[in-house]
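Close look at the chain arrangement
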Amino acid sequence: MPEIIIDGRKIEAKQGETIIQAAYRNGLQIPHFCWHPELSVSGNCRMCLVETGFLKKLPDGTFEHDTDGNPVVNYFPKLQIACATVASDGMYVRTVSQTVVDAQESVMEFILINHPLDCPICDEAGECKLQDYAFNYSKGESRFVEEKNHKDKRVEWGPNVMYDAERCISCSRCIRYAKEHAGQDILSFVNRGDKVTIKVANEKVFDNPYSMNVIEICPVGALTSKDFRFKSRVWDMSFNKSICTGCARGCNIEIGVRNNEILRLEPATNLYVNRYWMCDYGRNTQYQFVNGNRITEPLAKTVGELKETSFDNAYAKIADALKKYNPGNIMFIGSARATTEDNFILAKLAKQVVKTENIDCFKYENPDFGDDYLRVSDKTPNYAGAAEAGVKPGINGVNVSGLVAKINSGQIKMLYVLDDDLSQNDELLSVLNKLDYLVVHSSNYNKITELADIVLPSATYAESEGTFVNFKGRVQHFTPAIVTSENLRFMGMKMSRLDKFGSFNDRWANHETRNCRQSWRMLQSIVNLLGAGWKYLKSSDVFNEIAASNPKFKGMDYAKLDEYQGLTLGNADKPDPKLVNYVSHYLKPE
């Protein structure tokens, strides 16, 4: 492997690697705008200019040394762009010399000549690469006194992306992403020169399923989300990592929260799952149900009407019902949308306490939804985890395909549903009124909650700690981003500063703290009324029991899952190698 020396530090480069690739893999930063590890090299911005050279040879073939005995490096007279210059064995690179600093300052001055002072209203402000570099790599002043060029603003590229030509620095990241990843090659530079801008091809709309990824990779505020536009300043928000629930891929995401409400979802890097991307469906559909239409207290049916009740009263009613019916007359439905921990406790309740084999889980597949990029046909995040947790019928148990017939025949008299709205099962919904007793865990009001005798308010993925297992068997851990009355102490500094330190008379601090709970906690309370004596204190206690009882989870714990960004079932002792996760730009201040 070639060895190169960057600012006096010797590093190994892979064959064919460029200087900037070798630098980032070894933890060194070289400023840049247009380069991205997943995109082809364009060399547009010139921000990554560096000095390169080799040891100077004498006529006899030996290397020349100065008077202090140090080898003399013969640097090329012109600077090279680190994004396109292949690292060669013995190459010397200078990234902080005065020549390089002067070049960086000149590039920054050139880029800022026509860049508008939109920072006070720009969504990117606070996490903008241009702001960051203006502080770290520019002179802080401009010699340009003429009027700036004016270009189109508020240009709708498609249903999700808005373009501001004045802010654009022509890095071409969006053009390359659209062509190389999204498969929609309809973006191009036009009017090259001082009037250059990016246009969508005539009579075309930038509407591919991954269009919004151009927003993250844009180093400035030229591309913004129509959904998030002008909703909040990023420094007033909290950002916590989680897992997208839109399908079984399990894309890593960051949840942006203010006023205890999700304002946006964006991809978090996991090179073994979703790399740097996520689909528009995941961004735009997996947070509204967290913010609205919520069940925040237990509900019990009284004289045909659901009314709020206490948790203790709801638990007691459910425990009495479980005692009343024969185990063969009770059916439990787990959920591919609930955590592995929730499903494990449900299965343990059904099989060990109630002693019924009637437990199963619905799988929601849509072949038209899946593609060959990220989206998969299974539109739930944890079907594999539910199955591994034991949510599957015994040899003589009732499964979901035969449930309607068993209800019609009167065999199933009590149904216990965990976090599944059964929205795609109209036939089953139509016979639920034939049950003697229906218990539902749900975060939102829906058709099945209207029919239930008891409804328990369950926490969504954004309010829970637990694990999902994706379609490839990768177990991933996530923690809450939204505060509830249950997790308030856990959240601590994970909250945004406005949410944490706001006072009663601040309009942004009057958020709702929902009284919902993780399903495993509610199930444990019910089980203990039946005399079980379970003593799980936190989600990790449940997961540790899963790891101890299921060989496929052996050797796993939350700390190890976080360290390796997930582990594959049956391979906890052989984790994937740790890779460098490239971050395009950071939220400031760090």
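So, here's what we can say about the structure. Everything numeric in this text was worked out from a predicted model, so none of it was measured.

Before going further, it helps to examine the environment of Asn326. Locating Asn326 in the fold gives a position in the loop between helix H8 (311-324) and strand S17 (330-333). Residue Asn326 is classed as partly exposed on the basis of its relative accessible area of 48%. Among the polar contacts made by the side chain of Asn326, one reaches the main-chain amide nitrogen of Gly328 at a distance of 2.9 Å.

All right, on to the pairing of strand S23 (residues 474-478) then. Taking burial as the measure, the five residues of S23 include five buried ones, the bulk of the element. Side chains of S23 alternate between two faces, with Arg474, Gln476 and Phe478 and Val475 and His477 buried alike. Where strand S22 (residues 466-469) meets S23, four bridges bridge the pair, whose relative direction is antiparallel. Bridging across to S23, Val469 finds its partner in Val475. Here S22 hands over to S23 after four residues, with Gly473 in that stretch at a positive phi of 80°. Judged from the two bridges that link them, S23 and strand S24 (residues 567-568) form a sheet pairing that is antiparallel. Note on S24: the bridge partner recorded for Arg474 is Thr568.

Turning our eyes to something else, we now look at the packing of aromatic side chains. In this structure the tally under the stated criterion is 21 aromatic pairs. An aromatic cluster is defined as three or more aromatic residues linked by ring pairs; in this entry it consists of Tyr24, Trp35, Tyr177, Tyr276, Trp277 and Tyr582. Across the ring face of Phe228, the terminal group of Arg264 is positioned such that the distance to the ring centre comes to 4.7 Å.

The subject of this paragraph is the environment of Ala87. Mapped onto the fold, Ala87 is located in the loop between strand S5 (80-81) and strand S6 (92-94). For Ala87, a relative accessible area of 4% translates into the label buried. C-alpha separation for the pair Ala87 and Pro2, spaced 85 residues apart in sequence, amounts to 7.2 Å. Once residues lying within four places of it in the same chain are set aside, the contact partners of Ala87 are Pro2, Ile4, Ala13, Glu17, Thr18 and Ile19.

A word on the packing of H8 against helix H16 (residues 519-529). For the pair H8 and H16, interaxial distance at closest approach is 9 Å and the crossing angle is 55°. One finds that H8 runs oblique with respect to H16. Crossing hand, H8 versus H16: right-handed. Between H8, through Phe311, Tyr315, Ala316, Ile318, Ala319, Leu322 and Lys323, and H16, the contact on the second element is made entirely by Met522, Ser525, Ile526 and Leu529. In terms of residue class, the contact of H8 with H16 is built from nine nonpolar, one polar and one charged.

Below, the discussion takes up the environment of Arg25. Position of Arg25 among the secondary structure elements: in helix H1 (residues 19-25). A C-alpha to C-alpha distance of 13 Å links Arg25 and Ala87, two positions 62 residues apart in sequence. A distance of 2.8 Å separates a polar side-chain atom of Arg25 from the backbone oxygen of Glu12.

Calculation rules
Residues numbered from 1 in each chain as written. Predicted model: local features only at pLDDT ≥ 70, side-chain atom pairs only at ≥ 80, totals over all residues. Heavy atoms only, no water. Helix = DSSP H or I, 4+ residues; strand = E, 2+ residues; numbered from the N terminus. Buried < 20%, exposed > 50% of the residue type's maximum accessible area, 1.4 Å probe, protein only. Polar contact = N/O pair within 3.5 Å; in protein donor to acceptor, adjacent residues only side chain to side chain. Pairing = 2+ DSSP bridges. Phe/Tyr/Trp six-rings, centres within 6.5 Å; stacked < 30°, edge-to-face > 60°. Lys NZ or Arg CZ within 6 Å of the ring centre and 35° of its normal. Contact = heavy atoms within 4.5 Å. Axes fitted to C-alpha atoms, helices over the stretch in contact; angles between N-to-C directions. Parallel < 35°, antiparallel > 145°, perpendicular 65-115°, else oblique. Left-handed = near helix turned anticlockwise from the far one by under 90°. Nonpolar A, V, L, I, M, F, W, Y, C, P; charged D, E, K, R; others polar.

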